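An overview of the molecular structure
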Amino acid sequence: MSRIGRLPVAVPAGVTVDIKDGNEVTVKGPKGTLTRTFDPAMTIKLEGSEVIVTRPNDIKRNKALHGLTRALIHNMVVGVTEGYTKTLEVNGVGYKAQKQGKKLVLSLGYSHPVEMQDPEGLESKVDGNKIIVSGISKEAVGQYAAEIRSKRAPEPYKGKGIKYIDEVIIRKVGKTGKK
């Protein structure tokens, strides 16, 4: 039995879970609504205030899908109740981030400013040299944060670039001159 897949997903008060034919799960909560269609091999049931995912047999593919399906449903429930955030940090002389309406404008040492439009359902805030991305979908928040980071990933010599707040940059020693 999958250690994660066998755990029930607790549905808190104020959250409704609707399971339609074809394993289409809709989770509504105070922060919004998320819908996702899961593999038809999995059986998803709402029992009281818990969602239970079961698999038909122990084929390797179904074992993998069991834990994945349960984790994705759990992420949907957490997303509509609490939401998700990722924090990035801009390091480097002259590197900065600004908000202009729904646009994130990054000055990253290029000849032009990099402009990024906030995707639907996500919000980015700038606080000094920190960029905070928030939303209800864990997947979308992580993807947008990764796209922002990819505009100037941190380099190992001076540590300049955009990094996650909890990321550790392993520094390298630069060149040494001849004596």
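Structure: above.
The text that follows walks through the structure, step by step, so that each part is easy to find. Positions within a chain are numbered from 1, following the residues in the order the chain's sequence is written. Reporting of local features is limited, given that this is a predicted model, to residues whose pLDDT is at least 70; pairs of side-chain atoms are given and counted only at 80 or more, and all residues count toward the totals for whole chains, interfaces and linings. The basis for the side-chain values is all heavy atoms of the structure; hydrogens and waters are excluded.

Next up on the list: the sheet that holds strand S6 (residues 50-54). The strand order S1-S6-S5 describes an open sheet built from 3 strands, whose pairing is antiparallel. Two strands close off the open sheet at either side, each with one partner strand: strand S1 (9-10) and strand S5 (43-47). For two strands to pair, DSSP has to find at least two bridges joining them. Numbered from the N terminus, helices here are DSSP runs of H or I no shorter than four residues, and strands are runs of E no shorter than two. Direction of pairing for S5 relative to S6: antiparallel, over a ladder of 5 bridges. Looking at the pairing, threonine 43 lines up with threonine 54 of S6.

We call Phe, Tyr and Trp rings a pair once their centres come within 6.5 Å, taking the six-membered ring for Trp, and we label the pair stacked below 30 degrees between planes, edge-to-face above 60, and tilted otherwise. For the coordinates displayed, the defined rule picks out 0 aromatic pairs. A ring is scored as having a charge over it whenever the NZ atom of a lysine or the CZ atom of an arginine sits within 6 Å of its centre and within 35 degrees of its normal. A cation sits over an aromatic face here: lysine 86 above tyrosine 164, 5.2 Å from the ring centre. Lying over the aromatic face of tyrosine 110, arginine 152 brings its terminal NZ or CZ to 4.3 Å of the ring centre.

This part takes up unusual backbone geometry. Even without a glycine there, the phi angle at asparagine 23 is positive, about 60°. Tracing the sequence through the fold places asparagine 23 in the loop between strand S2 (16-20) and strand S3 (24-29). Since its relative accessible area comes to 11%, asparagine 23 is described here as buried. Accessibility here uses a 1.4 Å probe with only protein chains present; expressed as a share of the type maximum, an area under 20% marks a residue as buried, one over 50% as exposed, and anything in between as partly exposed.

Let's shift gears to the sheet that holds strand S13 (residues 161-164). Read across the open sheet, the 4 strands follow the order S11-S12-S7-S13; overall the sheet is antiparallel. Each of the sheet's edge strands pairs with one partner strand only, and the pair in question is strand S11 (122-127) and S13. Each strand axis lies, on average, 25° off the axis of its neighbour in the sheet, ignoring direction. Bridge count between strand S7 (residues 84-91) and S13: 4 bridges; the pairing is antiparallel. Across the sheet, the residue bridging to leucine 88 is tyrosine 164, located in S13. Sheet strands in contact with helix H2 (residues 138-150) are S7, S11, strand S12 (130-135) and S13, and its direction is about 10° off that of S7. Angular values range over 0 to 180 degrees, each being the angle between N-to-C directions of two axes fitted as lines to C-alpha atoms, with helices fitted over their stretch in contact. It only takes one pair of heavy atoms within 4.5 Å for two residues to be counted as in contact.

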